[in-house]
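Summary of structural features
As a plain string of letters, each chain reads:
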Number of protein chains: 2
Amino acid sequence: MGKKRSSGSPDDLSTQEKIKEAARQVFTRKGYAATRTRDIAEEAGINLALLNYYFRSKERLFHEIMLEKMQQLFGHIVPVLLTPGTTLEHKVEQLVALYMEMLTANPDLPLFVLSEIRNHPDQFASTFKVGDLLRHSDFIRQLQARRPDIHPLHFLMNLMSMTLFPFIVMPVFKAIELVDDAHFHAMMQERKTLIPMWIESMLKTR
Amino acid sequence: MGKKRSSGSPDDLSTQEKIKEAARQVFTRKGYAATRTRDIAEEAGINLALLNYYFRSKERLFHEIMLEKMQQLFGHIVPVLLTPGTTLEHKVEQLVALYMEMLTANPDLPLFVLSEIRNHPDQFASTFKVGDLLRHSDFIRQLQARRPDIHPLHFLMNLMSMTLFPFIVMPVFKAIELVDDAHFHAMMQERKTLIPMWIESMLKTR
DNA sequence: GTCTATAACCTGATAGAC
DNA sequence: GTCTATCAGGTTATAGAC
């Protein structure tokens, strides 16, 4: 029985996993360019050289984390949109609830992923070629059936906007003292039921 | 008559202004941390030393650009929200039209400003303390009159979300080949009239 | 596997000639 | 004002001892 892989206890992770966890935190907090490998090593409680021993370079480590985070932010959306046999309303409710829960636990995930995708344009371009998959999804079909007069992407955009954007703009709202943390979380809880209601009302408006 | 300040002709800007313009482009495209002063100098067609001659450091130059960009992104919103004597609908239409026009010309403005505010938390925190100003604005009062049961910030959040977020997520949508440039611009044009309609329908939904 | 020490490189900023 | 050359400091990555 080696000293690694005792996957339950709090501080007893393998060194590799300690580094990854530190990288997750530092990268998402400061972004790739502003992160120094020393920060990650310090946060992980290990030496700098170990980082290069396990992962060959800063960029490779970042790449691993980035794929994880993209999966975390976008991975859950596709299965829901593709699921046949559920109503449009149900899909919307499920997506909003899913995102609100995940974003409350990871508030800076969207800003991190979206800005890093912009900063490394082609590096992550073809990672998920889900364009066609989405275009022929059950969700899009249902939207088109309800509103043939409006491009279905508008509604998907609205759903994502109203759900994700608050977490992106939150730093500003807090900076100008428009909300505090408690206030913000309360609002996000309210939005879990409000957003599906609003989407529904948009679909009805003629 | 010195050789500077002939403010009309295309390439005849003062050196200082050439550097600022280059900084605007490079900073907004790559962010503060990923930008090298050499990039800016090259983009401006001047020498690196000149950058430090006119602006004392990378950080000071960035600070100037950042204030400009924050003003550009948020400065227009407050006057509209405060204006008395116009209907709620009119304010919404005006805001959406204003943003759509400005963002079409500067698509990467929102992602830049929002991520840099996060990266420099306190540096730009107290720059615009418009929290109180907003809370007592005509706009908020009108929202409260229409829907005393829902916090007015929800509607402001929705307005900003549906307007700004598409420009933030656009790089992703293009990467997964869900839209191309032409398609995206067409959608944004449609949203100029759709968003006010949707906001109106949200206000009516009970 | 983990550490210390250091190499190799890059970046912001300045000195000094013109 | 503008340039070339260079410094000082910091950063990634590796060599080599344990």
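Residues numbered from 1 in each chain as written. Chains lettered and ligands numbered in written order. Predicted model: local features only at pLDDT ≥ 70, side-chain atom pairs only at ≥ 80, totals over all residues. Heavy atoms only, no water.

**Quick look at the relation of the copies chain B and chain A**
Of the transformation placing chain B onto chain A, the axial shift is 0.0 Å and the rotation is 180 degrees, giving an RMSD of 0.1 Å. In the structure described here, the two chain copies are related by an operation that fits a two-fold rotation axis. (Least-squares fit on C-alpha atoms with pLDDT ≥ 70 in both.)

**Comments concerning the protein's contact with DNA strand D**
The immediate surroundings of DNA strand D are formed by 17 residues, with Arg36, Thr37 and Arg38 of chain A together with Asn47 and Tyr54 of chain B found nearest. Of all atoms in DNA strand D that approach within 4 Å of the protein, 58% are sugar or phosphate atoms. Contacts to DNA strand D include Arg36 of chain A, whose side-chain N or O atom sits 3.0 Å from a phosphate oxygen. Within the backbone of Lys58 of chain A, an N or O atom sits 2.7 Å from a phosphate oxygen of DNA strand D. Only α2 (37-44) and α3 (48-54) of chain A together with α3 (48-54) of chain B provide two or more residues apiece to the surface near DNA strand D. For the surface near DNA strand D, the leading source of residues is α3 of chain B, giving four residues. (Near = heavy atom within 4 Å. Polar contact = N/O pair within 3.5 Å; in protein donor to acceptor, adjacent residues only side chain to side chain. Helix = DSSP H or I, 4+ residues; strand = E, 2+ residues; numbered from the N terminus.)

**What about the packing of helix α4 (residues 58-74) of chain A against helix α7 (residues 109-119) of chain A?**
Residue and element names in this part refer to chain A. Put simply, α4 and α7 touch, their axes get as near as 10 Å, and they point 120 degrees apart. Comparing their axes, α7 and α4 come out oblique. For α4 against α7, the interelement crossing comes out left-handed. Contacts from Phe62, Met66, Lys69, Met70, Gln72, Leu73 and Phe74 in α4 reach Leu109, Pro110, Phe112, Val113, Leu114, Glu116 and Ile117 in α7. Considering only residue class, the contact of α4 with α7 consists of eleven nonpolar, one polar and two charged. (Axes fitted to C-alpha atoms, helices over the stretch in contact; angles between N-to-C directions. Parallel < 35°, antiparallel > 145°, perpendicular 65-115°, else oblique. Left-handed = near helix turned anticlockwise from the far one by under 90°. Contact = heavy atoms within 4.5 Å. Nonpolar A, V, L, I, M, F, W, Y, C, P; charged D, E, K, R; others polar.)

**Here's the deal with empty space enclosed by the protein**
Enumeration according to the criterion identifies three cavities of 30 Å³ or more in this entry. As a volume, the largest cavity reaches approximately 140 Å³. Where the lining of the largest cavity is concerned, the elements lending two or more residues are α7 of chain A together with α7 (109-119) of chain B. Grouping the amino acids of the lining of the largest cavity by side-chain chemistry returns six nonpolar, six polar and six charged. (1 Å grid on protein atoms, 1.4 Å probe; cavity = no way out; pocket = protein on both sides within 12 Å on 5 of 7 lines; lining within 4 Å. Points joined across faces, edges and corners; volume = space filled by probe spheres on them.)

**As for the confidence of the model for chain A**
Taken over all residues, the pLDDT of chain A has a mean of 93, while the share at 70 or more is 93%. Below pLDDT 50 for its whole length, residues 1-10 of chain A participates in four contacts with residues either more than four positions away or in separate chains. (pLDDT = per-residue confidence, 0-100.)

**Notes on the interface of chain B and chain A**
Facing 56 residues of chain B, the contacting portion of chain A comprises 56 residues. Of the roughly 5,100 Å² buried between chain B and chain A, counting both surfaces, carbon and sulfur atoms make up 73%. The largest per-residue losses of area from chain B upon contact with chain A belong to Arg118, Met157 and Phe165 of chain B, which jointly make up 14% of the total buried on that side. Counting every contact that joins chain B to chain A gives zero salt bridges. Inspection of the region where chain B meets chain A yields 18 residue pairs in polar contact (both at pLDDT 80 or more). At 16 residues, the largest contribution of residues to the side of chain B that touches chain A is made by helix α10 (residues 152-175) of chain B. Tallied by class, residues from the side of chain B that touches chain A come to 35 nonpolar, twelve polar and nine charged. (Buried area = accessible area lost by both parts, 1.4 Å probe. Salt bridge = Lys/Arg side-chain N within 4 Å of Asp/Glu carboxyl O.)

**Considerations on the protein's contact with DNA strand C**
Around DNA strand C, a shell composed of 16 residues is seen, among which Thr15, Asn47 and Tyr54 of chain A together with Arg36 and Lys58 of chain B lie nearest. In this structure, Thr15 of chain A approaches DNA strand C through a side-chain N or O atom, which is 2.8 Å from a phosphate oxygen. The contact in question runs from a phosphate oxygen of DNA strand C to an N or O atom on the side chain of Arg36 of chain B, over 3.2 Å. Going through the elements one at a time, α3 of chain A together with α2 (37-44) and α3 of chain B are the ones with two or more residues in the surface near DNA strand C. Residue contributions to the surface near DNA strand C peak at four residues, all from α3 of chain A.

**Some thoughts on unusual backbone geometry**
With glycine set apart, most residues show a phi of negative sign, and most peptide bonds adopt trans. Of note in the backbone geometry, Glu177 of chain A takes a positive phi value of approximately 60 degrees without being a glycine. In this structure, Glu177 of chain A sits in the loop between α10 (152-175) and α11 (181-204).

**Observations concerning the layout of surface pockets**
Quantified by volume, the largest pocket comes out at close to 520 Å³. Lining the largest pocket are 24 residues, and of these Ile117, Arg118, Asn119 and Pro121 of chain A together with Arg29 of chain B sit closest to its centre. Taken together, the elements giving at least two residues each to the lining of the largest pocket come down to α7 of chain A together with α1 (15-30), α10 and α11 (181-204) of chain B. Looking at which element gives the most residues to the lining of the largest pocket, the answer is α10 of chain B, with five residues. For the lining of the largest pocket, the per-class residue count stands at 13 nonpolar, three polar and eight charged. The volume enclosed by the second largest pocket comes to roughly 340 Å³. In terms of lining, the second largest pocket is formed by 19 residues, of which the most central are Asp108, Met170, Pro171 and Lys174 of chain A together with Arg118 of chain B. The element that contributes the greatest number of residues to the lining of the second largest pocket is α10 of chain A, accounting for five residues.

**Remarks on the pattern of salt bridges**
All names here are of chain B. Taken as a whole, this structure holds 33 salt bridges over all chains when the rule is applied. Between Arg135 and Asp132 there is a salt bridge whose closest N-O contact spans 3.2 Å. Placement of the pair is Arg135 and Asp132 together in helix α8 (residues 131-135), with a separation of three residues, close to one helical turn. Between Asp181 and Lys174 there is a salt bridge, with its nearest N and O atoms 3.1 Å apart. Residue classification places Lys174 among the partly exposed positions, given a relative accessible area of 33%. (Buried < 20%, exposed > 50% of the residue type's maximum accessible area, 1.4 Å probe, protein only.)

**Regarding the domain arrangement of chain A**
All names here are of chain A. Per the domain assignment, the segments making up chain A are domain 1 (10-63) and domain 2 (75-204). Placing a centre on the C-alpha atoms of domain 1 and another on those of domain 2 gives a separation of 30 Å. Facing eight residues of domain 1, the contacting portion of domain 2 comprises six residues. Both faces combined, the contact of domain 1 with domain 2 buries some 650 Å², and carbon together with sulfur accounts for 65% of it. Taken as a group, Thr28, Phe62 and His63 account for 67% of the area that domain 1 buries against domain 2, more than any other trio of residues on that side. Applying the counting criterion to the domain 1 and domain 2 interface returns zero salt bridges. At the boundary of domain 1 with domain 2, the tally comes to two residue pairs in polar contact (both at pLDDT 80 or more). Each residue belonging to the side of domain 1 that touches domain 2 can be placed in one class, and the counts come to three nonpolar, three polar and two charged. (Domains from an automatic or database assignment.)

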